[in-house]
Amino acid sequence: MRRAWIAKRSGGGQRPLGIPTVKDRVVQSAVYLVLMPIYEADFHDQSHGFRPKRRAQQAMEANRESVRMGRVEVLDADLSKFFDTIPHRQLMQKVVRRVSDGAILALIKAWLRAPIVGEDREGRRKVTPNRQGTPQGGVISPLLANIYLNPLDHQINESSRGRHRLIRYADGFVVLSPAGQGAPIRQEIESWLAGRGLTLNALKTRTVNVTQEAIRLLEFTVKVRRSQSGRSYPHVEASGESCRSLRGKVSRILNHHTQWRAIGEVVREVNAVMRGWSGYFHYGNSAGVMSRQRLLDLQPAAPLAVAQARQPRRPPQTLPQRATRNPLRTLDPDAPCGVDRCMKAQGQSDEWNSESRVRENRLHGLMRGRKRKRQRQQRACPRNRFSPTL
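Residues numbered from 1 in each chain as written. Predicted model: local features only at pLDDT ≥ 70, side-chain atom pairs only at ≥ 80, totals over all residues. Heavy atoms only, no water.

Chemist: Mind showing me how you'd approach the overall build of the protein here?
Modeler: Within the protein, the secondary structure is distributed over 13 helices and 13 strands. Looking at the protein alone, contacts between residues at least 24 apart form 64% of all its contacts between residues at least 6 apart. Element-wise, carbon and sulfur atoms account for 50% of the exposed surface of the protein, whose accessible area totals about 22900 Å². (Helix = DSSP H or I, 4+ residues; strand = E, 2+ residues; numbered from the N terminus. Contact = heavy atoms within 4.5 Å. Areas by Shrake-Rupley, 256 points an atom, 1.4 Å probe, with all protein chains shown as cover.)

Rendered as structure tokens:
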């Protein structure tokens, strides 16, 4: 198994990623299709990560329902290096409770104990044994993670008689409790994890009262607010970090380094990014965020749309061009002082692709600057300043 390191989205540091071989990934997919229906019958309803016909919006709906029922104290828990610290023996003990086929068990054990191939600081190949953890990047790893944490889901949700609710998505979960009753349940969770070789991330785990402070779950922000009629309700919308991430992606597509690209290509790429973002965050109280994002994201794209609408109506030869040293074009000596009309050099084609030039003019606001430049040239430049270079 090859080891690669990727940057974490939240906070600094890097995350280890295990990349199995192509053959192992194919076999893992086949084993996953066989084992998933078996364990799907045992998984708790409040587990939503990496399961068929489950998605993040269902987990957020369970959070909203719990807040409506008065569970306003939220324990936002995150496991520290969960995929890298799962004990192999305890994991296999949970797997054999439902699987008795020796060949399948041998495959799973071989995948867990596959040696890790990486590089040292000097760039030389290094092979290390794998004594614990399941590779984060393997096809079957999410299923094994759900198998290992499934007893925790049942214990917290069923033993508390409805006072507490644990909602889990992969290795992150929240426990919603009535106000002032969250401390005992945290101690119970820490004790359960300690007996199975796991720990909570002290930097990311915290307890929040959503009536006083907003909490971020699955890139959403949850907080209790009051409506215009005075009734309290759980307000769910896209987090500020996710909104900034979208604006950053749109800005990178529409920056000045992409002015050479065709308008249609840029529009399709921007639409794909915004369609994917809105498809995920179009949930809960998203109307206000969607309106603000539409205004902020379409501000740099508005000149692009104007250029796209006006481009077919303007003949290419009427586009004003600035003075240039391009040998394919010369300046018209009979033009008024400071007016730089481009002429095609003899022997060159009359076709002029104005799409990217119009986008440059409209998108980056160069028309206004060129107008001021021509005015300065008319006031200060002599007649023979722009002499033709034939």
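Chemist: I keep staring at the nonpolar core and nothing clicks. Help me out?
Modeler: Generally speaking, soluble globular proteins have nonpolar side chains that are buried together. Membership of the largest hydrophobic core comes to 37 residues, with the highest contact counts inside it found for Phe82 and Phe173. Sorting the residues of this core by element identifies α1 (22–40), β3 (73–78), α3 (82–85), α4 (88–95), α5 (102–112), α6 (141–159), β7 (172–177) and α7 (183–194) as the ones contributing at least two each. Among the elements that take part in this core, α6 stands out by supplying eight residues, more than any other. When neighbours within four sequence positions are excluded, Phe173 is seen to be in contact with Leu75, Asp76, Ala77, Leu79, Leu152, Leu166, Ile167, Arg168, Ile189 and Leu200. Within the second largest apolar cluster, 30 residues are counted, among which are Val174, Val222, Trp277 and Phe281. (Core = buried A, V, L, I, M, F, W, Y, C linked by side-chain atoms within 4.5 Å. Buried < 20%, exposed > 50% of the residue type's maximum accessible area, 1.4 Å probe, protein only.)

Chemist: Could you clarify how one ought to interpret the packing of α1 against α5 in this entry?
Modeler: Between two packed helices, both the angle of their axes relative to each other and the distance between the axes serve to describe the pair. Their axes nearest at 12 Å, the elements α1 and α5 cross at an angle of 130 degrees. When the axis of α1 is compared with that of α5, the two are oblique. In this structure, α1 crosses over α5, and the sense of that crossing is left-handed. Of the residues in α5, those touching α1 at Asp24, Val27, Gln28, Val31 and Leu35 are Ile104, Leu107, Ile108 and Trp111. In terms of residue class, the contact of α1 with α5 is built from seven nonpolar, one polar and one charged. (Axes fitted to C-alpha atoms, helices over the stretch in contact; angles between N-to-C directions. Parallel < 35°, antiparallel > 145°, perpendicular 65-115°, else oblique. Left-handed = near helix turned anticlockwise from the far one by under 90°. Nonpolar A, V, L, I, M, F, W, Y, C, P; charged D, E, K, R; others polar.)

Chemist: How should the side chain of Ser47 be read in this particular structure?
Modeler: When you line up the elements, Ser47 lands in the loop between α1 and α2 (56–68). Within polar-contact distance, the side chain of Ser47 engages the side chain of Arg168 at 3.0 Å. Look past the residues within four positions of Ser47 in its chain and what remains in contact with it is Arg54, Asn146, Asp153 and Arg168. (Polar contact = N/O pair within 3.5 Å; in protein donor to acceptor, adjacent residues only side chain to side chain.)

Chemist: Hey, could you run me through the sheet that holds strand β9 (residues 215–217) in this one?
Modeler: In a beta sheet, neighbouring strands pair by backbone hydrogen bonds and run either parallel or antiparallel. Read from one edge to the other, the open sheet built from three strands follows the order β9-β10-β11, with strand pairing classed as antiparallel. Either end of the sheet is taken by a strand with one partner, and the two such strands are β9 and β11 (232–238). Here the average twist between neighbouring strands, direction ignored, is 35 degrees. (Pairing = 2+ DSSP bridges.)

Chemist: What's the story with a nonpolar patch on the surface in this structure? I'm lost.
Modeler: The grouping of Val22, Val26, Val27 and Leu107 at the surface amounts to a nonpolar patch, some 330 Å² of accessible area in total. For the nonpolar patch, the leading source of residues is α1, giving three residues. Here Val27 is to be found in helix α1. (Patch = residues over 30% accessible without salt bridge, like charges linked within 9 Å, V, L, I, M, F, W, Y side chains within 5 Å. Salt bridge = Lys/Arg side-chain N within 4 Å of Asp/Glu carboxyl O.)

Chemist: Would you take a moment to explain the packing of aromatic side chains for this structure?
Modeler: Aromatic rings in a pair are described by how distant their centres are and how their planes are angled relative to each other. Overall, the coordinates contain six aromatic pairs when judged by the stated rule. With a centroid separation of 5.9 Å and 75 degrees between ring planes, the pair formed by Phe220 and Tyr283 is classed as edge-to-face. You can see Phe220 sitting in strand β10 (residues 220–226) and its partner Tyr283 sitting in the loop between α9 (263–281) and α10 (287–298), a full 63 residues away along the chain. Judged on exposure class, the residue Phe220 and its partner Tyr283 are both buried. Where Trp277 meets Phe281, the ring centres are 4.8 Å apart and the plane angle is 35 degrees; that geometry is what we call tilted. With Trp277 and Phe281 both in helix α9 and four residues apart, this pair spans about one turn of that helix. Given a relative accessible area of 11%, Trp277 falls into the buried group. Ring-pair connections join several aromatic residues into one group, and the members of that group are Phe220, Trp277, Tyr280, Phe281 and Tyr283. (Phe/Tyr/Trp six-rings, centres within 6.5 Å; stacked < 30°, edge-to-face > 60°.)

Chemist: Would you mind showing me how to read the sheet that holds strand β6 (residues 165–169) here?
Modeler: One open sheet accounts for four strands, arranged β6-β7-β3-β8; its pairing is antiparallel. Among the strands making up the open sheet, the edge pair consists of β6 and β8 (206–209). Neighbour-to-neighbour, the strand axes of this sheet turn through a mean angle of 20 degrees, independent of strand direction. In terms of strand pairing, β6 meets β7 through five bridges, oriented antiparallel.

Chemist: Sorry if this is basic, but what is going on with the environment of Lys109 here?
Modeler: Of note, Lys109 is situated in helix α5. You can call Lys109 partly exposed: its relative accessible area is 38%.

Chemist: Got a minute to help me understand the pairing of strand β4 (residues 116–119) in this structure?
Modeler: In regular strands, side chains alternate between the two faces of the sheet. Covered by surrounding structure in β4 are Ile116 and Gly118 only, the residues Val117 and Glu119 on the alternate face being uncovered. Taken together, the four bridges between β4 and strand β5 (residues 125–128) define a ladder with antiparallel strand orientation. Paired with Glu119 across the bridge in β5 is Arg125. Linking β4 to β5, which pair antiparallel, is a turn of five residues; within it Gly123 sits at a positive phi near 85 degrees.

Chemist: Explain the environment of Gln46 to me, please; I cannot follow it from the model alone.
Modeler: One can find Gln46 in the loop between α1 and α2. Sequence separation of Gln46 and Ile167 is 121 residues, and the distance between their C-alpha atoms is 5.0 Å. Residues in contact with Gln46, not counting those within four places in the same chain, are Ala62, Asn157, Arg165, Leu166, Ile167 and Arg168.

Chemist: How should I be thinking about the environment of Ile6 in this particular structure?
Modeler: By secondary structure assignment, the location of Ile6 is in strand β1 (residues 2–7). The partly exposed category is assigned to Ile6, whose relative accessible area is 35%. Residues Ile6 and Leu17, 11 residues apart in the sequence, show an inter-C-alpha distance of 7.0 Å. The contacts of Ile6, once residues within four sequence positions are left out, are Gln14, Arg15 and Leu17.

By themselves these figures say nothing about function.
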